[in-house]
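# Observations on the three-dimensional arrangement
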Amino acid sequence: QKEVEQDPGPLSVPEGAIVSLNCTYSNSAFQYFMWYRQYSRKGPELLMYTYSSGNKEDGRFTAQVDKSSKYISLFIRDSQPSDSATYLCATANTGNQFYFGTGTSLTVIP
Amino acid sequence: EAGVAQSPRYKIIEKRQSVAFWCNPISGHATLYWYQQILGQGPKLLIQFQNNGVVDDSQLPKDRFSAERLKGVDSTLKIQPAKLEDSAVYLCASSPGLPLGYTFGSGTRLTVV
């Protein structure tokens, strides 16, 4: 079993739609949960960061972590064409070892 | 703050040739990572350094890949000899010790023909 499993997509939505991206993880010891956005031919950049459980909101983006079900979600409200990218979920332990999902490619159609 | 610098940006080589990639992490970041990202997949850790010591190289194909981080700053990743399946983007990342400061470089896109 992989440490992190991510819905593969690809996902195509109209502009303004609400987008839901999801991952599951296997190790209950993970404490750090991240979402990275990766544009074509660029390295991943940190989008959202959560420590332990709960929700975190930043503008149009909301990250949720449910440790009881080992489920990670990213919601994008009022999606824009500029949100078109690949989204990677990641978890990390206290030893600074990261585990990435395979990424979900998102296209927002104007 | 300057980001993680990588060079070259692109490289095309023939199979069985050798290639080297270079990474300059963010100043002060003790931890440095090399990842391999094959098209359509997430990054796969190759090696993790803490200062100039190796923390994890369990997924590094040691028969052909090698990496070093001299003086705990810059790092190089070498492939010798390259195979067709090594075609991927090689990403370098660095961290000050907390996941929040973890930063990727733009990567080196390697094509082996």
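Within any chain, residue numbers begin from 1 and follow the written order of that chain's sequence. Chain letters and ligand numbers both follow the written order, the letters beginning at A and the numbers at 1. Confidence filtering applies because this is a predicted model: local features only for residues at pLDDT of at least 70, side-chain atom pairs given and counted only at 80 or more, and all residues used for totals across whole chains, interfaces and linings. Hydrogens and water are ignored here; the side-chain numbers use all heavy atoms of the structure.

Let us look at the interface of chain A and chain B. With 19 residues of chain A in contact, the opposing surface of chain B contributes 23 residues. In protein, a polar contact means a hydrogen-donor-capable atom and an acceptor-capable atom, both N or O and within 3.5 Å, with residues adjacent in sequence counting only if both atoms are side-chain atoms; elsewhere, any N or O pair within 3.5 Å suffices. Applying the counting criterion to the chain A and chain B interface returns 4 residue pairs in polar contact (both at pLDDT 80 or more). Taken together, the elements giving at least two residues each to the side of chain A that touches chain B come down to strand E4 (32-38), strand E5 (45-51), strand E9 (85-92) and strand E10 (98-100) of chain A. Broken down by element, the side of chain A that touches chain B gets its largest block of residues, 4 residues, from E4 of chain A. When residues are sorted by character, Ala, Val, Leu, Ile, Met, Phe, Trp, Tyr, Cys and Pro go into the nonpolar class, Asp, Glu, Lys and Arg into the charged class, and all the rest, Gly among them, into the polar class. For the side of chain A that touches chain B, the residue count by class is 10 nonpolar, 7 polar and 2 charged. Working rule for contacts: check all heavy atoms of both residues, and any pair within 4.5 Å makes them a contact. The way it works is that DSSP assigns letters per residue, a run of H or I at least four long becomes a helix, a run of E at least two long becomes a strand, and they are numbered from the N terminus.

This paragraph deals with the sheet that holds strand E3 (residues 19-25) of chain A. Residue and element names in this part refer to chain A. One open sheet accounts for 5 strands, arranged E1-E3-E8-E7-E6; its pairing is antiparallel. Single-partner strands in this sheet number two, and they are strand E1 (4-6) and strand E6 (54-58). Shown here is a sheet whose adjacent strand axes are inclined to one another by a mean of 15 degrees, direction ignored. Sheet topology note: the E1/E3 ladder contains 3 bridges and is antiparallel. What sits directly across from Val4, in E3, is Tyr25. Any two strands with at least two DSSP bridges between them are considered paired. Only C-alpha atoms enter the line fits that serve as axes; for helices the fit covers just the stretch in contact. Angles between N-to-C directions range over 0 to 180 degrees.

Turning to the pairing of E3 of chain A, a few remarks are in order. All names here are of chain A. Counted residue by residue, E3 has 5 buried out of 7 residues, so it is predominantly covered. Alignment of E3 against strand E8 (residues 71-76), held across 6 bridges, turns out to be antiparallel. Residue pairing in the sheet places Leu21 in a bridge with Leu74 of E8. Partly exposed describes any residue whose relative accessible area lies between the buried limit of under 20% and the exposed limit of over 50%, with all areas from a 1.4 Å probe on protein chains only and scaled to the type maximum.

We define the nonpolar core as a collection of buried residues of types Ala, Val, Leu, Ile, Met, Phe, Trp, Tyr and Cys that are connected through side-chain atoms lying within 4.5 Å of one another. Ranked by internal contacts, the top residues of the largest apolar core, which has 23 residues, are Trp35, Met48, Ile72, Leu74, Ile76, Tyr87 and Leu106 of chain A. Counting residues per element, the ones that place at least two in this core are E3, E4, E5, strand E7 (61-66), E8, E9 and strand E11 (104-109) of chain A. Looking at which element gives the most residues to this core, the answer is E3 of chain A, with 4 residues. Ignoring any residue separated from it by four or fewer positions in sequence, one finds Leu106 of chain A in contact with Leu11, Val13, Val19, Ile76, Asp83, Ser84, Ala85 and Tyr87 of chain A. Within the second largest apolar cluster, 21 residues are counted, among which are Phe21, Leu46, Phe65 and Ile79 of chain B.

Any pair of cysteine sulfurs within 2.5 Å is marked as a disulfide. One pass over the structure, following the stated rule, counts 2 disulfides over all chains. The disulfide partner of Cys23 of chain A is Cys89 of chain A, and the gap between their sulfur atoms is 2.0 Å. Taking the sign of the S-S torsion, -100 degrees for the link of Cys23 of chain A and Cys89 of chain A, the bridge is left-handed. Within this pair, whereas Cys23 of chain A is found in strand E3, its partner Cys89 of chain A is found in strand E9, the two being separated by 66 residues in sequence. Residue classification places Cys89 of chain A among the buried positions, given a relative accessible area of 0%. The disulfide that involves Cys23 of chain B links it to Cys92 of chain B, with 1.9 Å between the sulfurs. Here the disulfide of Cys23 of chain B and Cys92 of chain B is left-handed, its torsion about the S-S bond being about -70 degrees.

Looking now at the sheet that holds strand E7 (residues 65-68) of chain B. All names here are of chain B. Across the sheet, 4 strands lie side by side as E1-E3-E8-E7; this open sheet has antiparallel pairing. Bordering the open sheet on either side are strand E1 (5-7) and E7, each of which pairs with just one other strand. The mean inter-strand angle of the sheet, taken between neighbouring strand axes irrespective of direction, is 15 degrees. In this sheet, strand E8 (residues 75-79) lies alongside E7 in antiparallel orientation, the contact comprising 4 bridges. In the strand pairing of E8, Phe65 is matched with Ile79.

A separate point is the packing of aromatic side chains. Each Phe, Tyr or Trp ring (for Trp, its six-membered ring) is paired with any other whose centre lies within 6.5 Å, and the angle between the two planes then decides the class: stacked below 30 degrees, edge-to-face above 60, tilted in between. A complete count under the given rule lists 19 aromatic pairs over all chains for this structure. A ring pair is formed by Tyr36 of chain A and Tyr102 of chain B, whose centres lie 6.5 Å apart and whose planes are at 70 degrees; its orientation type is edge-to-face. You can see Tyr36 of chain A sitting in strand E4 and its partner Tyr102 of chain B sitting in the loop between strand E9 (88-95) and strand E10 (103-104), one on each of two chains. The exposure class of Tyr36 of chain A is buried, given its relative accessible area of 0%.

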